[in-house]
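# Chain and residue survey
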Amino acid sequence: MLSIKHYLFRMAVASLIGVLVWGLTYSVRRRRNSSRAGVYREGAILLFLMFLAGLLFLTLTPPTGWSYNGPFQGTVNLIPFREGIRLFRFYYKNEMWTALWVNFLGNIIMFIPVGFFAGLLLDRPLWWKGTLCAFGLSLFIELAQLFVCRGTDVDDLILNTLGGLIGHWLFLLLCRISPGFVGRCAIPRKGSV
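Positions within a chain are numbered from 1, following the residues in the order the chain's sequence is written. Per-residue local features are limited, in this predicted model, to residues with pLDDT of at least 70; the limit for side-chain atom pairs, both in listing and counting, is 80 or more; totals at the level of whole chains, interfaces and linings are taken over all residues. Excluding hydrogens and water, the side-chain values take into account all heavy atoms of the structure.

### A look at the overall build of the protein
Helix and strand definitions here come from DSSP, where helices need a minimum of 4 consecutive H or I residues and strands a minimum of 2 consecutive E residues; each element is numbered from the N-terminal end. Looking only at helices and strands, the protein features eight helices and two strands. When the helices and strands of the protein are listed from N to C terminus, the series reads α-α-β-α-α-α-α-β-α-α. The buried share among the 193 residues of the protein stands at 38%. Contacts are residue-level and defined by heavy atoms, with any inter-residue pair within 4.5 Å sufficient. Sequence separation of 24 or more characterises 78% of the internal contacts of the protein that already satisfy a separation of 6 or more. Exposure categories follow from relative accessible area, calculated using a 1.4 Å probe and restricted to protein chains: below 20% of the type maximum is buried, above 50% is exposed, and the middle band is partly exposed.

### Focus on the pattern of salt bridges
The salt bridge criterion pairs a side-chain nitrogen of Lys or Arg with a carboxyl oxygen of Asp or Glu, the two atoms within 4 Å. The tally for this structure, following the rule as stated, stands at two salt bridges. With its nearest N and O atoms 2.6 Å apart, the salt bridge here joins Glu42 to Arg29. Of the two residues, Glu42 is situated in helix H2 (residues 39-60) and Arg29 in helix H1 (residues 2-32); the sequence distance between them amounts to 13 residues. With a relative accessible area of 7%, Glu42 lands in the buried category. Linking Arg86 and Glu83 is a salt bridge whose minimum nitrogen-to-oxygen distance equals 2.4 Å.

### Some words on the nonpolar core
Of all hydrophobic cores here, the largest spans 12 residues; its members are Met11, Phe51, Leu55, Leu58, Leu60, Met110, Phe111, Val114, Ala134, Leu137, Ile141 and Ala144. Every element with two or more residues in this core is listed here: H2 and helix H6 (127-144). Here Leu60 is in contact with Phe140, Ile141, Ala144, Gln145 and Val148, once residues within four sequence places are set aside. Here the nonpolar core consists of buried residues drawn from Ala, Val, Leu, Ile, Met, Phe, Trp, Tyr and Cys, with membership extended through side-chain atoms lying within 4.5 Å. Counting residues in each nonpolar core, the second largest holds 11 residues, with Phe116, Phe117, Phe171 and Leu174 among its members.

### Quick word on H6
Every α-helix carries 3.6 residues per turn, so stepping three or four residues along brings you back to the same face. If you check H6, its first and last C-alpha atoms are 26 Å apart, about what 18 residues at 1.5 Å a residue would give, namely 26 Å. Within the sequence span of H6, burial applies to Gly130, Thr131, Ala134, Leu137, Ser138, Ile141, Glu142 and Ala144. The buried side chains of H6 occupy one side of the element, clustering within an arc of 170 degrees when seen end-on. The inward-facing, buried residues of H6 contact H2, helix H5 (112-121), strand E2 (152-153) and helix H7 (154-177). Here the expected span of a helix is defined as 1.5 Å times the quantity of residues minus one. In this description, one arc is meant: the one made by directions from the helix axis to the C-beta atoms.

### So, the side chain of Asn160
The topology assignment puts Asn160 in helix H7. Overall, the relative accessible area of 3% leaves Asn160 in the buried class. Contacts of Asn160, omitting those with residues within four sequence positions, involve Asn107, Met110, Phe111, Ala134, Ser138 and Glu142.

### What to know about a nonpolar patch on the surface
The patches described consist of residues with a relative accessible area above 30% and no salt bridge, like charges being joined within 9 Å and nonpolar side chains (Val, Leu, Ile, Met, Phe, Trp, Tyr) within 5 Å. To measure how exposed things are, a 1.4 Å probe is used in the Shrake-Rupley method; for residues, cover is taken only from the protein chains shown. Taken together, the side chains of Leu126, Trp127, Trp128, Leu132, Phe135, Leu139 and Leu143 present a nonpolar region at the surface, about 680 Å² in accessible area. Of note, Leu143 is situated in helix H6. Owing to a relative accessible area of 46%, Leu143 belongs among the partly exposed residues under this scheme.

### A look at the packing of H5 against H7
Here, axes are lines fitted to C-alpha atoms. For helices the fit covers the stretch in contact, and angles between N-to-C directions go from 0 to 180 degrees. At a minimum axis separation of 6 Å, H5 and H7 run at an interaxial angle of 45 degrees. By the angle between their axes, H5 is oblique relative to H7. In this structure, H5 crosses over H7, and the sense of that crossing is right-handed. In this structure, H5 contributes Ile112, Gly115, Phe116, Gly119 and Leu120 to the contact, and H7 contributes Gly163, Gly164, Ile166, Gly167, His168, Leu170, Phe171 and Leu174. A breakdown of the residues in the contact of H5 with H7 according to their chemical character gives seven nonpolar, six polar and no charged. Geometric relationships in this document are graded by angle, where less than 35 degrees denotes roughly parallel, more than 145 denotes roughly antiparallel, 65 to 115 denotes roughly perpendicular, and other angles denote oblique. A clockwise turn of the near helix away from the far one marks a right-handed crossing, whereas an anticlockwise turn of less than a right angle marks a left-handed crossing. Side-chain classes are defined by residue name, with Ala, Val, Leu, Ile, Met, Phe, Trp, Tyr, Cys and Pro counting as nonpolar, Asp, Glu, Lys and Arg as charged, and the others, Gly among them, as polar.

Next comes the structure, spelled out in C-alpha cells:
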C-alpha cells in the first residue's frame, strides 16, 4: 500500500502545475466564452488540469527519478496480453499484491477520470469521444515512455482505454443522478446566462 500512497503523493504535488495552467489560461477562456462559463465548469476544468498534470508527471518521469543512462532502457511489448499474463502469474505466485494492484487495476483506475471529464467537458458527450480521448492520451504516454526509461506495453494501452470507457459510464450515471450539475458544467451556449 505504501507505493500507492507514493504514487498519489507524486500526482498531488505535480497537480500544482495544473493549477498554474488553469490560472494562466483563465483569461483566454473568459474572453472566448464571453464570461458565460460558470464556476462549475471552471471547477471541472481546474480538476481535470490538476489530474492531467499529475498523470503526465507520474507516467513520463523515469521510475527512479531524473537520473538515467540513455534514452531508452525499458521493454516494448506489442503482443496483447502476453506480458500482462506473465506478470499476473509472477505477482500472484510471489504474493506481490500491491504490484498486482498497481499494474493492472491501477492502469484502469488511472484513466477513469479521462473518460469522465471528456463526457463532462466536451460538446455532445458520446461514449466514443471519452474512449478516444483515453486511447489517444494513453498512446501518447506509451510512445513518450520510449524516451524516459520506461517500458511501452500494448496492455497498458488496452487497460487505459477500458478505464476511459468506464469513466464515460460514470459520467452517464452522474447524468441520471444529477442532470442539473452536469448542465452547469456544459459548454455555455450563446444567449445563456
